[in-house]
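Tertiary structure, described
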Amino acid sequence: MKNTAQQEIESLENLSPKLVEKFLDRLESFGNNRLYVSAVQRNLKISKKDALYVINILVRLHILSTRYQIKIGSIFFPESYKKIYNIPEFVFDDGEEIKVDLEKDIFVFFVVSANE
């Protein structure tokens, strides 16, 4: 899958094969650490749009997995979710019930899949 990912990512303009290979090698040692769109941008020196394209390739090839976490204001709730439909409709903070707005209260990040 790494070769397929490399070929597809290299289809973006101005990306050197060496840079893409280095990025993919670095992913292997990433473990369960969070990967953000900005890190992909920075490592490959590409735009946000192109970073999302790269992430889409890596998710489709099961190299990365998407995670969702509830963030209301400046508060991150500890649990992350693999599927958006698993996110609860309400959360509790200091005994207060808070409705989760899927459009503004969800923080998205990515992790390297366990089988990679």
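First, a word on scope: everything that follows refers to the structure included in this document. (Residues numbered from 1 in each chain as written. Predicted model: local features only at pLDDT ≥ 70, side-chain atom pairs only at ≥ 80, totals over all residues. Heavy atoms only, no water.)

Some words on the overall build of the chain
Stated precisely, the cut-off is as follows: Strands are runs of DSSP state E lasting at least 2 residues, helices are runs of H or I lasting at least 4, and numbering of each runs from the N terminus. Burial status follows relative accessibility: with a 1.4 Å probe on protein chains alone, a residue under 20% of its type maximum counts as buried, one over 50% as exposed, and anything between as partly exposed. Note on contacts: a residue pair is in contact if any heavy atoms of the two residues lie within 4.5 Å.
Helix and strand content of the chain: 4 helices and 5 strands. In the chain, the succession of helices and strands from N to C terminus is α-α-α-α-β-β-β-β-β. Its C-alpha atoms give the chain principal-axis dimensions of roughly 50 × 30 × 20 Å. In the chain, buried positions account for 36% of the 116 residues. Put simply, of all contacts in the chain between residues at least 6 apart along the chain, 53% involve residues at least 24 apart.

Let's talk about the pattern of salt bridges
Test applied: Just to be clear on terms, a salt bridge is a Lys or Arg side-chain nitrogen sitting within 4 Å of an Asp or Glu carboxyl oxygen.
This model, assessed by the stated rule, comprises 4 salt bridges. Among the ionic pairs, aspartate 25 bridges to lysine 2, the shortest N-O distance being 2.1 Å. Taken as a pair, aspartate 25 in helix α2 (residues 17-28) and lysine 2 in helix α1 (residues 2-10) lie far apart in primary sequence, 23 residues in all. Across the pair glutamate 8 and arginine 60 runs a salt bridge whose closest N-O atoms are separated by 2.2 Å. Separated by 52 residues along the polypeptide, glutamate 8 in helix α1 and arginine 60 in helix α4 (residues 48-60) bring together distant segments of the chain. Glutamate 8 gets classed as partly exposed once you look at its relative accessible area, which sits at 23%. Accessibility expressed as a relative area gives 44% for arginine 60, which makes it partly exposed. Via salt bridges that share partners, Lys2, Asp25 and Glu28 belong to a single interconnected network.

Points about the packing of aromatic side chains
Note the cut-off: Two rings from Phe, Tyr or Trp (for Trp, the six-membered ring) form a pair when their centres sit within 6.5 Å of each other. Planes less than 30 degrees apart are called stacked, planes more than 60 degrees apart edge-to-face, and all others tilted. Sitting over a ring, as applied to charges here, requires NZ of Lys or CZ of Arg to be within 6 Å of the ring centre and within 35 degrees of the ring normal.
Applying the stated criterion to the full structure yields 3 aromatic pairs. Taking the centre distance of 5.2 Å and the plane angle of 85 degrees together, the rings of phenylalanine 76 and phenylalanine 107 count as edge-to-face. With phenylalanine 76 in strand β2 (residues 75-81) and phenylalanine 107 in strand β5 (residues 106-112), this residue pair connects regions lying 31 residues apart in the sequence. Taken together, Tyr36, Phe76, Phe107 and Phe109 form an aromatic cluster joined through their ring pairs. Sitting over the ring of phenylalanine 109, arginine 34 keeps its end group 4.0 Å from the ring centre.

Observations regarding the environment of isoleucine 72
Here isoleucine 72 is to be found in strand β1 (residues 64-72). Taking relative accessible area as the criterion, isoleucine 72 reaches 18% and is therefore assigned buried. Taking C-alpha positions, isoleucine 72 is 13 Å from glutamate 89, a pair spaced 17 residues apart along the chain. In this view, isoleucine 72 contacts Phe77, Val91, Ile98, Lys99 and Asp105; residues no more than four positions away in its chain are not counted.

Let's talk about the pairing of β2
Looking down a regular strand, the side chains alternate between one sheet face and the other. The following threshold applies: Strand pairing is defined by DSSP finding a minimum of two bridges between the two strands.
For β1 and β2, the ladder comprises 4 bridges, and the chain directions are antiparallel. Counterpart to lysine 71 in the pairing with β2 is phenylalanine 76. Taking the residues that link successive antiparallel strands as the turn, the β1-β2 hairpin has 2 residues, and the phi of glycine 73 there is positive, at about 65 degrees.

Notes on the sheet that holds β2
The pairing of strands in a sheet comes from backbone hydrogen bonds and takes either a parallel or an antiparallel form. Formally: For every element, the axis is a line fit to its C-alpha atoms; helices are fit only across the contacting stretch, and the angle between N-to-C directions ranges from 0 to 180 degrees.
Here 3 strands make up an open sheet; going across it, the order is β2-β1-β5 and the pairing antiparallel. Each having just a single partner strand, β2 and β5 make up the two edges of the open sheet. Taking the axes of each pair of neighbouring strands and ignoring which way they run, one obtains an average angle of 30 degrees across the sheet.

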